Amino acid sequence: MEMEKPARYTGGEYGSLARRSAILDTLIAFPDLYEIGMSNQAMRIIYNRINRINDISCDRAFAPAPDFEKLLAEKNLPLYGLDTGIAFHDLDILMFTFGYELGITEVLAMLQAGKIPVRSEDRDEQCPIVIMGGPSVSNPVPYSRFIDAFWIGEAEAGFFELLTVLRDMKKAGEGRAALLSKIAGHPNIWLRGKKKAFRAVDPHFGEGEGGAAVFPVPSIKTVQMHGAVEIMRGCPNGCRFCHAGYWYRPMRQKNAPAVFREAEAFIRQGGYREISLSSLSTGDYRHIDYLVNTFNERYQQEHVSFQLPSLRVSSFSLPLLEKVSLVRKSGLTFAVETPEEAWQFSINKQVLRDDVVSILREAKKHGWSGAKFYFMIGLPVAKGTLHREKPEEGPEQSEEAEIVNFIRYVAGKTGAHCNINVGVFVPKPHTPYQRTVQMEHEKAREKLFRIKDNLKKEGHKVSFQDPFISGLEGLLSRGGEFTGVLIEAAFRKGCRLDAWSEYMKRDVWENLFTEYREEIKKMLEFDIEKELPWASINPGISPNYFNEEFRKSCNQELTLTCNENCTYNCGICGKQRNIVYNNIHNKVIYNENNSGIPMPASNSALRILFSFSKTGKAVFLSHLSLVEIFNMAFLRAGIPVSFTRGFNPLPKLEILAPLSLGITGLNEMALIETSIFFNAEGFAACMNKVLPEGLAIVHAENHVVPAGIKKHSLSSFLWGFSYREEEGAQAAEGVPPVIVPFSEEKKYRENRAALKGSVYGLIRSAVLARDPLGREETGKPYFEVFRDLYRKEI
């Protein structure tokens, strides 16, 4: 059967760390597709940290797309780890990192595909212990029938130490029941029946003890193909709608030397040329200008760029944005949330329209022509709103009109073209709005289309997520035990990957909502007297603080930002050594002998022509993935590759005649240009140390093309290919290869696929060039042709 992106399931990436010789076998699973999961910071931290512990192995796995899940079922194969191939049911500990509530049906799908009972009560001594953590388990109750134990809070604050205890227990002969009992007694663990669990907070985050979570480096393009350096955890701003802002308190800034070390690791060890300095509010990082200036001085010549996500308007600096755009141009983004100033006071976030206008006017002078805006509807921003009441009709009716007016005002003053994304507010546990009523999705849809219809005709682009998804997210995030019944019913009816519009079975969920309408309505009533489902989770913040923040929201009062000399007490500081921690400005001095790449001394083109093999797991890598892999490997290997000019500079690399997926290549051809002379023999040796499994440089040659001599491309001499079948029973001894001209290759592959069902097992043993001197009609090896070509022209 055909499989979409088979490289999702093959592993073999550069930097894979798990091993099969460990005492304790664990696996970190992400309940979404590879492209999403490999960009997840929490997963990478856990994977890298556990694999540093002696005698503990941590493999990794991602949600199978429906086509692969079906294939596993048809072949009666279990879901497995990408590094070692270990089956889920052979693990000691199976861990899920859970960052989005709509991933829960995929958690169940992965359990089933791994041949592990979906309900925890059905597991026996032979089953792994299933643990789940992440921000979306701040209310673990809806998922408790499926998960054995929940880690509450940050893994760096005790989880890895817990695993070492479990390792020693297993080594001593203890079984699953004893290990689970030990887990249950931990203060940061919650499971059914436990009265209280406390959120774990890493007091050493600012010191950067954990190092960079570089590995493994993806072999296919992910949604965020950059190295992510977390420069701050938590947020000082206290936006009342923001779950992450409260869940990750207190705000802790990583020291500058640790930030530089991690960025260096992502660049040198990972090969990333785009580094994101990530946090909930990057502009609040102390000495951010110094950080960016130093990075630019260090890496600009190597075409490494830096991104600053989450810049607030109040901390926005156009010169700062220009500095991060020196290598690759960044966009302008404004998370406004709600348009009216009084409503902004309610949510404790100010993004005044005149401030936005001033920034955009200045930006236009420097080449920016548009901006992206984020808004939400359904926020409880009306004065006097109570826990059991909906917002007053005036603001609720006018919020879409005010969003339209905000954009019209900004666009009219600046001439900017606006890209607007509007979401539906989802109240979350452990926030001041945890008891508020969520806007019904039918009403939200009406408002969203009013916004879109008004702004689209004025040339602005408006996008939004289906508000039904937001309603489902609200149910999953604030539900009780009965929510687990709905989750399992949806799963049994085929629900998978609910966050993806192409996979979601909306009709299944709608039917369940209709069938259990009264039960859901009762479950989502959060009267002030009612105990919340998540009351057994202690986030470290006082319930009275949330109540006071809600009162201030109703009265449109601001709360000051968190700092070392806080004038109010939310409850988190002072507990377990938790304090607000700001970066201390420490100057970092680099070794001057390793401070960039020199430019060539002449105008000669310095080229390396090389052949490479693509075998084993690598045959499932697409051409675009191959380009990305080589580009990153150049940086890891220290190859001084030259770059194109323009908006988004790219390495000067040509890979000839892309292979179809499934075909092995033994002598594929590629060409790069370097900024200084780099010996071809050294090139091959350096590259082969840093390429993923299945890729290897076979041969390389230097070619120096003097100024004035034409730089020929590989494709301009392409003649054809040499093919043969895979060695073994399929090929007879001594059968010569099939020579296929370029014009006939597609037909040759199609005939082979029709004859044997696919192209898998076919080997392209050589790429052939035409004779530039016209002496022969058949193809010749590229190395021979290029040697003759430049000998003649030079």
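In what follows, the structure referred to is the one given above.
Residues numbered from 1 in each chain as written. Predicted model: local features only at pLDDT ≥ 70, side-chain atom pairs only at ≥ 80, totals over all residues. Heavy atoms only, no water.

Undergrad: I'd like to hear about helix α17 (residues 506–515), residue by residue, with values.
TA: Buried residues of α17: Val 508, Trp 509, Leu 512 and Phe 513, and no others. The buried residues of α17 occupy an angular sector of 135 degrees when projected down its axis, which confines them to one face. For α17, the secondary structure elements touched by its buried residues are α4 (104–113), α15 (467–478), α16 (482–492) and α18 (517–523). (Buried < 20%, exposed > 50% of the residue type's maximum accessible area, 1.4 Å probe, protein only. Helix = DSSP H or I, 4+ residues; strand = E, 2+ residues; numbered from the N terminus. Arc of directions from axis to C-beta. Contact = heavy atoms within 4.5 Å.)

Undergrad: Account for the packing of aromatic side chains, naming residues and giving values.
TA: According to the stated counting rule, one finds 39 aromatic pairs in the structure shown. The interplanar angle of 85 degrees and the centroid separation of 6.1 Å between the aromatic rings of Tyr 433 and Phe 550 together place this pair among those described as edge-to-face. Of this pair, Tyr 433 sits in the loop between β15 (417–424) and α14 (441–456) while Phe 550 sits in helix α19 (residues 543–554), and the two are 117 residues apart along the sequence. With respect to burial, Tyr 433 and Phe 550 carry one shared label: buried. Of the aromatic side chains, those joined through ring pairs into one cluster are Phe 260, Tyr 290, Phe 295, Tyr 299 and Phe 306. Over the ring of Trp 247 we find Arg 199; its NZ or CZ atom is 5.6 Å from the centre of that ring. Lying across the ring of Tyr 409, Arg 353 places its NZ or CZ 5.6 Å from the centre. (Phe/Tyr/Trp six-rings, centres within 6.5 Å; stacked < 30°, edge-to-face > 60°. Lys NZ or Arg CZ within 6 Å of the ring centre and 35° of its normal.)

Undergrad: Residues and numbers for the sheet that holds strand β16 (residues 461–464), please.
TA: Spatially, β13-β14-β15-β16 is the arrangement adopted by the four strands of the open sheet, whose pairing is parallel. Taken across any chain shown, the strands that pair with only one partner, and hence form the sheet edges, are β13 (333–337) and β16. Strand-to-strand twist in this sheet, taken as the mean axis angle between neighbours without regard to direction, amounts to 20 degrees. In this structure, β13 lies alongside strand β14 (residues 370–377), joined through four bridges in parallel fashion. Across the sheet, the residue bridging to Thr 333 is Lys 372, located in β14. On the sheet, α14 packs against β14, β15 and β16 and is oriented at approximately 165 degrees with respect to β16. (Pairing = 2+ DSSP bridges. Axes fitted to C-alpha atoms, helices over the stretch in contact; angles between N-to-C directions.)

Undergrad: I'd love a proper account of the pattern of salt bridges, names of residues and values included.
TA: Scanning the entire structure with this criterion turns up 50 salt bridges. Among the salt bridges present, the one from Glu 13 reaches Arg 60, with a minimum N-O distance of 2.5 Å. Note that Glu 13 is positioned in the segment before β1 (24–30) and Arg 60 in strand β2 (residues 56–62), a separation of 47 residues in sequence. According to the relative accessible area criterion, Arg 60 is buried, its value standing at 2%. Note that Arg 551 is salt-bridged to Glu 548, the shortest N-O span being 2.6 Å. Taken together, the residues Arg 551 and Glu 548, both in helix α19 and three residues apart, mark about one turn of the helix. Here Arg 551 falls in the partly exposed class, since its relative accessible area comes to 35%. Classification of Glu 548 by relative accessible area gives partly exposed; the value is 32%. Among the ionic contacts, a cluster of salt bridges with common partners joins Arg 119, Glu 121, Arg 145, Glu 488 and Arg 492. (Salt bridge = Lys/Arg side-chain N within 4 Å of Asp/Glu carboxyl O.)

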